[in-house]
Amino acid sequence: MTLLQTAEQIQTMQIRGAGKIAREAVSALRDHAETLPHTGDASLFIREMEHAAGILLATRPTAVSLPNAIQMVMRDVRLARTEDAARRILREKADSFIWSSRTAIDRIAAMGANHIPDGSVIMTHCNSKAALGCILEAKRQGKDIEVYATEVRPWNQGRLTIKTLNDNEIPTTYIVDSAVRSMMKEVDLVIVGADAITVNGAVVNKIGTSQIALCANEARKNVIVTAETYKFAPRTILGELIRIEERAQSEVLPDEIAATLPFVRVKNPVFDVTPAEYIDMIITEAGALPPHLAYTIMREYLGWGFDELQNQFLGTLTGSEFR
Ligand SMILES: O=C(COP(=O)(O)O)[C@H](O)[C@H](O)COP(=O)(O)O
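Residues numbered from 1 in each chain as written. Predicted model: local features only at pLDDT ≥ 70, side-chain atom pairs only at ≥ 80, totals over all residues. Heavy atoms only, no water.

## Comments concerning the nonpolar core
Judged by nonpolar contacts, the single largest core of 63 residues is most densely connected at L29, M123 and M184. When neighbours within four sequence positions are excluded, M123 is seen to be in contact with Y148, I175, V180, M183, M184, V187, L189, V190, I191 and I212. Grouped together as the second largest cluster of nonpolar side chains are 20 residues, I122, C134, L189 and I191 included. (Core = buried A, V, L, I, M, F, W, Y, C linked by side-chain atoms within 4.5 Å. Buried < 20%, exposed > 50% of the residue type's maximum accessible area, 1.4 Å probe, protein only. Contact = heavy atoms within 4.5 Å.)

Structure follows, in structure tokens:
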């Protein structure tokens, strides 16, 4: 698959889910490098790769795993003195990101399963590899568990989730998104994934997650978020906001019906923000943490603390902007 095809598949959601988007983008970058002719000019190679990275970055705006993964791969490539070194670094960094991403999901699954007591009824939302990993691991350990899975309008990612649960013989109840509050009394805990986590521990995930967390809070049920460390958004340290993707209105209301309703507008935000106070724990490959430790994760695991970001930010300002 070419880089442009990968970008298109991410944009059209054939490739979806924050972790998978990051892994596929990085592998597209690595494969794209192989298609570029060897010229011996390191800066030309780096420019070409920056252009390719830009195409991938423009596909979906919310999952911070995408810019984080690209930055992890490109950071040292930019410093390479020769084309051969740049190519080698790119290959090594890409392979290492993909490997560590998969390892992270396995570690999260093992830790998450420890937080699922035998006999639990779990509610999950959307289709998160990290969240499902915990549920499948609990089942593998022989725990007797049940799952409530939401439909996830308008893309119905819940159908992917119930297929996986069914394939693993986990008793599952499939509910429409608006049934969450009614069903919460049947549930012991909520487990979801994340597209981005901000410095104040707020979690950006599939639209509807914040309602589920609110209902869980009301019903005194725990909310566990599962997220690899590359889902933490370091630029939120500088006050940058996570952009919530809005997709086409036709995903919600067919164009032919919309055309008959001139006074009706459709909003289709596909992610929402759950404040830290509604989250009991974030399980990362680095451990199960309270959301207020988000800054520590950014500093220790992503290597981007305030000072580094501030320097990077000042470095991007021109003289006139600086004055
Ligand atoms: O919100 C979604 C997917 O949204 P979309 O379907 O719009 O991409 C998932 O919960 C997170 O991406 C985490 O997934 P994972 O744990 O697999 O990274």
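## A short note on the packing of aromatic side chains
Overall, the coordinates contain 1 aromatic pair when judged by the stated rule. Here the guanidinium or amino end of K206 rests over the ring plane of F271, the centre of that ring lying 4.5 Å away. (Phe/Tyr/Trp six-rings, centres within 6.5 Å; stacked < 30°, edge-to-face > 60°. Lys NZ or Arg CZ within 6 Å of the ring centre and 35° of its normal.)

## Re helix α6 (residues 129–140)
Under the 1.5 Å per step criterion, the end-to-end length of α6 is 16 Å for 12 residues, consistent within 8% with the ideal 16 Å. Against the buried residues of α6 lie α5 (83–114), β1 (121–124), β2 (146–150), α7 (158–167), β4 (189–192) and β7 (222–226). Where α6 starts, the residue carrying a side-chain oxygen 3.3 Å from the main-chain nitrogen of A130 turns out to be S128. Looking one or two places after α6, you find G142, whose phi comes out positive at around 90°. (Helix = DSSP H or I, 4+ residues; strand = E, 2+ residues; numbered from the N terminus. Expected span 1.5 Å × (residues − 1). Polar contact = N/O pair within 3.5 Å; in protein donor to acceptor, adjacent residues only side chain to side chain.)

## A short note on the pattern of salt bridges
For the structure shown, the criterion picks out 16 salt bridges. For D31, the salt bridge is made with R30, and the minimal N-O distance between the two is 3.4 Å. You can call D31 partly exposed: its relative accessible area is 38%. Linking R91 and E34 is a salt bridge whose minimum nitrogen-to-oxygen distance equals 3.7 Å. Note that R91 is positioned in helix α5 and E34 in helix α2 (residues 18–35), a separation of 57 residues in sequence. (Salt bridge = Lys/Arg side-chain N within 4 Å of Asp/Glu carboxyl O.)

## Let's talk about unusual backbone geometry
Residues R153 and P154 are joined by a peptide bond in cis, for which omega reads 0°. Despite not being glycine, E169 has its phi angle at roughly 55°, a positive value. Residue class for E169 comes out exposed when judged on its relative accessible area of 63%. Not every positive phi belongs to a glycine, and R220 is a case in point at roughly 60°. Mapped onto the secondary structure, R220 falls in the loop between α9 (209–218) and β7.

## Re the side chain of T284
Its place among the elements puts T284 in strand β9 (residues 281–284). Contacts of T284, omitting those with residues within four sequence positions, involve I108, M111, A227, T229, F232, L289 and I297.

## As for the environment of N217
Residue position: N217 is located in helix α9. Its relative accessible area of 36% is what places N217 among the partly exposed residues. Distance from N217 to S101, taken between C-alpha atoms, is 31 Å for residues 116 residues apart in sequence. Apart from residues no more than four positions distant in its own chain, N217 is found in contact with E277 and Y278.

## Description of the UniProt feature "binding site: substrate" (unreviewed entry) in the protein
With numbering matched to this structure, UniProt assigns "binding site: substrate" (unreviewed entry) to R16, G17, A18, G19, R60, S128, K129, A130, N205, K206 and K231. When you line up the elements, S128 lands in the loop between β1 and α6. S128 sits in the buried class, given a relative accessible area of 13%. Only 3.3 Å separates the side chain of S128 from the backbone nitrogen of A130, close enough to count as a polar contact. Inspection of the secondary structure puts A130 in helix α6. (UniProt positions renumbered as here; feature names shortened; annotations may be inferred.)

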